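Report on the structure
As a plain string of letters, each chain reads:
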Amino acid sequence: MTALLKLKVLEEYLQDLVGFTRPKIQYEQYETPSHIAAVALHTIQVRFEALENRLVLDAGCGPGVLAMGASLLGASLVTALDIDEDAIKIIMENIGDTETTNVEVIQTDFLNCNTYRWENYFDTVLMNPPFGTKNNVGMDMKFLHMGLELSCDSVYSLHKSSTRSHIQKKVKEWGVKGEVIAELRYDLPATYKFHKQASRDIAVDLWKLKHPHT
């Protein structure tokens, strides 16, 4: 299986995208590093052919690194959702700068019941959800579960490796197939006032969750 772009070229494209200027702690806004995004997306396409010519959703898109990467790897259409107006402005800037034509952007709460209008609609759902810390306990699992509701095939999601056993329990509880398809290192820069270190190295799993009938 192949990808339209080599990994290094994809990463170079993603490095040039505009990121958050003032990330908001209430949404746990952290940028997905271009290297992490490129490796994740390249793995998803090369191993599973889940991006090229597919209907793709980027849930909680932020500045849109996953959405833009999926577009570059040949998705037929990418829908990018985010609750935050400022994040929407940033991804729209990235779309304009790169003259991308196959990414549609919608400001909405991904966890709102209105999102069910896309039930089983997308081939592939991508997400780097809130890790579920501070005021967002359990948010990562809510995102993952909603992603499964909207996908007719698979969800690919980034989570702290320390939550692996918890996700394994959820996978069993939800009656879906789940596996870690890549183990990555996330160099998380100090973003908020409560961060004491300049940066923090976090082990991250790239999960693939799949409906049992597909």
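About the thresholds
- Residues numbered from 1 in each chain as written.
- Predicted model: local features only at pLDDT ≥ 70, side-chain atom pairs only at ≥ 80, totals over all residues.
- Heavy atoms only, no water.
- Salt bridge = Lys/Arg side-chain N within 4 Å of Asp/Glu carboxyl O.
- Helix = DSSP H or I, 4+ residues; strand = E, 2+ residues; numbered from the N terminus.
- Buried < 20%, exposed > 50% of the residue type's maximum accessible area, 1.4 Å probe, protein only.
- Right-handed = clockwise from strand over helix to strand, strands pointing away.
- Phe/Tyr/Trp six-rings, centres within 6.5 Å; stacked < 30°, edge-to-face > 60°.

A short note on the pattern of salt bridges
- Under the counting rule described, the total for this entry stands at five salt bridges.
- Salt-bridge contacts for Lys-89 lead to Glu-85; the nearest nitrogen and oxygen are separated by 4.0 Å. One end of the pair is Lys-89 and the other is Glu-85, both in helix H4 (residues 85-98) and four residues apart, which spans about a single turn.
- With relative accessibility at 45%, the residue Glu-85 sits in the partly exposed group.
- Put simply, Arg-164 and Glu-183 hold a salt bridge, and the shortest N to O gap is 3.5 Å. Of the two residues, Arg-164 sits in helix H6 (residues 164-174) while Glu-183 sits in strand E6 (residues 177-189), which places them 19 residues apart along the sequence.
- For Arg-164, a relative accessible area of 26% corresponds to the partly exposed category.
- Several salt bridges converge on common partners, so that one network encompasses Arg-164, Glu-183 and Asp-205.

Regarding the pairing of strand E2 (residues 77-82)
- With respect to burial, E2 is a largely interior element, five of its six residues being buried.
- Tracing the backbone out of strand E1 (residues 55-59), into helix H3 (residues 65-72) and back to the parallel element E2 gives a crossover that is right-handed.

Remarks on the packing of aromatic side chains
- Evaluation of the coordinates by the stated rule reveals four aromatic pairs.
- A ring pair is formed by Phe-110 and Phe-143, whose centres lie 5.1 Å apart and whose planes are at 45°; its orientation type is tilted. Taken together, the residues span a long stretch of sequence, with Phe-110 in the loop between strand E3 (103-107) and strand E4 (122-127) and Phe-143 in helix H5 (residues 139-150) at a distance of 33 residues. With respect to burial, Phe-110 and Phe-143 carry one shared label: buried.
- Arranged with centres 4.9 Å apart and planes meeting at 85°, the rings of Tyr-121 and Phe-122 form a pair that is edge-to-face.
- Since its relative accessible area comes to 41%, Tyr-121 is described here as partly exposed.
- Among the aromatic residues, those joined into a cluster by ring pairs are Trp-118, Tyr-121 and Phe-122.

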